[in-house]
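A closer look at the structure
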Amino acid sequence: MNSVLNVLLVSALPISEIRGGLPLALYYGFDPFEAYLLALAGNFLPIPFLLMFLDYMIRVATRIGFLDAFYRKIVERVERKKAIVEKYGYIGLVMFVAMPLPVTGAWTGVLMAFLLRLNRVRALVSIFAGICIAGLIVLLASLGVISIGSFIK
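This report concerns the structure included in the present document. Worth saying up front: this structure is predicted, and the values here are computed from it rather than measured.

Parameters and conventions
- Residues numbered from 1 in each chain as written.
- Predicted model: local features only at pLDDT ≥ 70, side-chain atom pairs only at ≥ 80, totals over all residues.
- Heavy atoms only, no water.
- Patch = residues over 30% accessible without salt bridge, like charges linked within 9 Å, V, L, I, M, F, W, Y side chains within 5 Å.
- Areas by Shrake-Rupley, 256 points an atom, 1.4 Å probe, with all protein chains shown as cover.
- Salt bridge = Lys/Arg side-chain N within 4 Å of Asp/Glu carboxyl O.
- Lys, Arg positive; Asp, Glu negative; His and termini not counted.
- Charge placed at Lys NZ, Arg CZ, Asp CG, Glu CD.
- Helix = DSSP H or I, 4+ residues; strand = E, 2+ residues; numbered from the N terminus.
- Polar contact = N/O pair within 3.5 Å; in protein donor to acceptor, adjacent residues only side chain to side chain.
- Contact = heavy atoms within 4.5 Å.
- Buried < 20%, exposed > 50% of the residue type's maximum accessible area, 1.4 Å probe, protein only.
- Arc of directions from axis to C-beta.

So, on to a positive patch on the surface. Where like charges cluster on the molecular surface, the positive patch consists of Lys73, Arg77, Arg80 and Lys81. Relative to the helices and strands, Arg77 resides in helix H5 (residues 65-81).

This part is about the side chain of Asn43. You can see Asn43 is positioned in helix H3 (residues 32-44). Within the structure, the side chain of Asn43 is placed 3.2 Å from the side chain of Glu17, a separation counted as a polar contact. If sequence neighbours within four positions are ignored, Asn43 has contacts with Ser11, Ala12, Glu17, Ile18, Ala106 and Ile131.

Every buried residue belonging to helix H1 (residues 2-12) is among Val7, Ser11 and Ala12, and all of these are buried. Each buried residue of H1 sits inside an arc of 125° when the element is viewed along its axis, so together they form one side. Of the exposed residues in H1, the ones pointing more than 90 degrees away from its buried face are Asn2 and Leu9. Contacts from the buried residues of H1 go to helix H2 (17-27), H3 and helix H8 (106-115).

So this is what it looks like as structure tokens:
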């Protein structure tokens, strides 16, 4: 049970997300299908809440000096990466979240959807689809079927 909670937690965190949770699940001995579903659930778990309450959380966080600076730094990064979503809309959001690279993923996808004022329900579906694709890429890479380096070139 402890391993399940660890995988859910690592998958739900903004830095590791499914990129960290899925290999952890495989390390714990879950079969690939279970590992995929568990990491997927953990990565998706905070997303509906973030989409609903991000505006409020940002208003509170930006009143605290170091959190405001951290938020502004993240917004700068998102601003540089938002062209794909602006160009392709919700499919662009799926593609952005699906790339299992640093500064992409569900958490950044939520922030991008927020900044671009995308429909929350459609953004939620797009982010979920992106997580599913990212999970498949990470799973195949973790099993040695593909190489992430050659996959993203």
